Amino acid sequence: MKRIFKGLLAMGTGFLLAVLIFGVYLEYKDNNQSQNNIVEQDVDSTTNETYITKTYKNNYQSVVTVINMQKSGLSAFEQFSDLPPLEKGIGSGFIYKKEKGYYYAVTNNHVVEGADQLKIMLNDKTDKKQDLIDTQLVGTNTKYDVAVVKFKTKKVLNSVIFGDSDDLIPGEAAIAIGSPYGKDFQGSVTSGIISSTNRLMKSEGGQENEYIQSDVAINPGNSGGPLFNSKGQVIGMNTMKIADPNSDNMGFAIPINTVKNVIKEIELNE
């Protein structure tokens, strides 16, 4: 991995932000939305499951590890040889549909940027070999740091269910699944709460966008992975965090409503 963090300066705060390279109060609404809140942490007495275990069980196979392969580490001679590109970085992604024999997954642009070749590793506990799957880049959007890839496999995989990030409330539950620090920690699940829903911050590319802030633990390799609500719906894409020794678990995700709009734009140009 060429690097783990790249510093960004937050507007007016003086804190150092770090994009996870490769991987890498709103008023409470009426009680009808209480099902979104963290009260759903209660254990189901019949199954001994919480909303976290249910979310993981229903979605872990929809979360993939995205591997960025590049020839930049090879010598000039080797770059023109048949030697395969080298693994340069790892991030996460999540499958959102199957169409015409392809599974489509979305991730961060900075996860796939500069790749000569892309591979997907499935989060399949029954596959001891953990074969890497050739993956095609469908398109990217640098402004919002979103990329779409597609791949084929004979395995039957589920797609995630998108939620509505406009309905989020600070204090409600949040769960992340991804590959922090790479393949060895693939399928890691962490949980916390939504800290804020409308943080304006600058991305690695210098664009100011709106992010969801959470205290869910994310690390390099979680980039591009899903952030779920307590219903198991994806409400954001984990993208960056505060990288400061005096801060704990200040992570940021692209709202899923933004991601959905970017996906449509990318697919139109496929």
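Above this note sits the structure.
Novice: Tell me about the environment of Gly-93, residues and numbers included.
Specialist: Topologically, Gly-93 is positioned in strand β4 (residues 86-99). Each C-alpha atom of the pair Gly-93 and Thr-107 lies 4.5 Å from the other, and the pair is 14 residues apart in sequence. In this structure, Gly-93 is in contact with Ser-62, Val-63, Val-64, Val-66, Val-106, Thr-107, Gly-224, Gly-225 and Pro-226, ignoring residues within four places of it in sequence.

Novice: Tell me about the packing of aromatic side chains, and please be specific about residues and values.
Specialist: Counted according to the given criterion, the structure contains four aromatic pairs. Each ring, one from Tyr-96 and one from Phe-162, has its centre 6.4 Å from the other, and the planes form 25°; the classification is stacked. Of this pair, Tyr-96 sits in strand β4 while Phe-162 sits in the loop between β8 (146-151) and β9 (173-178), and the two are 66 residues apart along the sequence. Relative accessible area serves as the criterion here: at 25%, Phe-162 is assigned to the partly exposed category. By the ring-pair criterion, three or more aromatic residues cluster together here, those being Tyr-96, Tyr-104 and Phe-162. In this structure, Lys-97 packs its charged tip against the face of Tyr-104, placed 4.7 Å from the ring centre. The ring of Tyr-102 carries the charged tip of Lys-150 above its face, separated from the ring centre by 4.4 Å.

Novice: Give me the lowdown on helix α4 (residues 256-268), citing residues and values where you can.
Specialist: In an α-helix there are 3.6 residues to a turn, and that puts residues three or four apart on one side. Compared with the 18 Å implied by 1.5 Å per residue over 13 residues, the 18 Å span of α4 between its first and last C-alpha is a close match. Taken as a whole, α4 has its buried residues at Ile-256, Asn-257, Val-259, Val-262, Ile-263 and Ile-266. In this structure, the buried side of α4 is in contact with β4, β5 (102-107), β7 (133-141), β8, β13 (234-242) and β14 (251-255).

Novice: How would you sum up the sheet that holds β8? Please name residues and give values.
Specialist: Strands belonging to one sheet form pairs held by backbone hydrogen bonds; the direction of such a pair is parallel or antiparallel. With antiparallel pairing, six strands are arranged side by side around a closed barrel as β3-β4-β5-β8-β7-β6. The sheet shows a mean angle of 40° between the axes of neighbouring strands, taken without regard to direction. With five bridges joining them, β5 and β8 adopt antiparallel strand pairing. From the neighbouring strand, Ala-105 faces β8, where its bridge partner is Val-149. The strands touched by α4 are β4, β5, β7 and β8; relative to β7, the strand with the most contacts, the crossing angle is about 100°.

Quick notes on the rules
- Residues numbered from 1 in each chain as written.
- Predicted model: local features only at pLDDT ≥ 70, side-chain atom pairs only at ≥ 80, totals over all residues.
- Heavy atoms only, no water.
- Helix = DSSP H or I, 4+ residues; strand = E, 2+ residues; numbered from the N terminus.
- Contact = heavy atoms within 4.5 Å.
- Phe/Tyr/Trp six-rings, centres within 6.5 Å; stacked < 30°, edge-to-face > 60°.
- Buried < 20%, exposed > 50% of the residue type's maximum accessible area, 1.4 Å probe, protein only.
- Lys NZ or Arg CZ within 6 Å of the ring centre and 35° of its normal.
- Expected span 1.5 Å × (residues − 1).
- Pairing = 2+ DSSP bridges.
- Axes fitted to C-alpha atoms, helices over the stretch in contact; angles between N-to-C directions.

Shape descriptors only; they carry no functional weight alone.
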